[in-house]
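Structural overview
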Amino acid sequence: MTAADIPLADQIAEVKRELAMRENVYPKLIDSGRLTPAAAHRHLANMRAVLATLEDIDRINKEVGR
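Right, let's walk through the structure included here. (Residues numbered from 1 in each chain as written. Predicted model: local features only at pLDDT ≥ 70, side-chain atom pairs only at ≥ 80, totals over all residues. Heavy atoms only, no water.)

**Here we look at helix 2 (residues 37–63)**
The terminal C-alpha atoms of helix 2 lie 38 Å apart, and with 27 residues this matches the ideal 39 Å at 1.5 Å per residue to within 8%. When we look at burial in helix 2, the residues that qualify are Ala 39, Ala 40, Leu 44, Met 47, Leu 51, Leu 54 and Asn 61. In this structure, the buried side of helix 2 is in contact with helix 1 (8–31). Backbone geometry just after helix 2 places Gly 65 at a positive phi near 85°. (Helix = DSSP H or I, 4+ residues; strand = E, 2+ residues; numbered from the N terminus. Expected span 1.5 Å × (residues − 1). Buried < 20%, exposed > 50% of the residue type's maximum accessible area, 1.4 Å probe, protein only. Contact = heavy atoms within 4.5 Å.)

**Some remarks on helix 1**
Since one α-helical turn is 3.6 residues long, residues separated by three or four positions face the same way. Taking 1.5 Å of rise per residue, 24 residues should cover 34 Å, and helix 1 covers 35 Å from first to last C-alpha, within 8% of that figure. Its axis deflected by about 30° at Val 25, helix 1 carries its strongest bend there, up to four residues before the proline Pro 27. Of all the positions in helix 1, only Leu 8, Ile 12, Val 15, Glu 18, Leu 19, Arg 22, Tyr 26 and Leu 29 are classed as buried. Where helix 1 is buried, its residues contact helix 2. (Bend = angle between axes of the 7 residues up to and from the residue.)

**Details of the pattern of salt bridges**
Inspection of every chain in the model, using the stated rule, returns eight salt bridges. Glu 18 serves as the salt-bridge partner of Arg 22, at 2.8 Å between the closest nitrogen and oxygen. Of this pair, Arg 22 and Glu 18 are both found in helix 1, four residues apart, which corresponds to roughly one turn of the helix. Residue class for Glu 18 comes out buried when judged on its relative accessible area of 18%. Put simply, Glu 23 and Arg 48 hold a salt bridge, and the shortest N to O gap is 2.8 Å. Here the residue Glu 23 occupies a position in helix 1, and Arg 48 occupies one in helix 2, the gap between them amounting to 25 residues. Arg 48 sits in the partly exposed class, given a relative accessible area of 41%. One network of salt bridges, with partners in common, ties together Glu 14, Arg 17, Glu 18 and Arg 22. (Salt bridge = Lys/Arg side-chain N within 4 Å of Asp/Glu carboxyl O.)

Here it is in structure tokens:
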């Protein structure tokens, strides 16, 4: 299975799910000393960027009628 086989809406939903899970888990990892706040911030920022990119692609596809 390739990325092209997975609908963009499914990819967006998965990234949203992953981001929500990380937002829930990271504070516990920080409290236990297994993750630094800086690393958590970086990982969340990266996932938010992935989500924004996928949503931009979705918006552009809709604008051009794909």
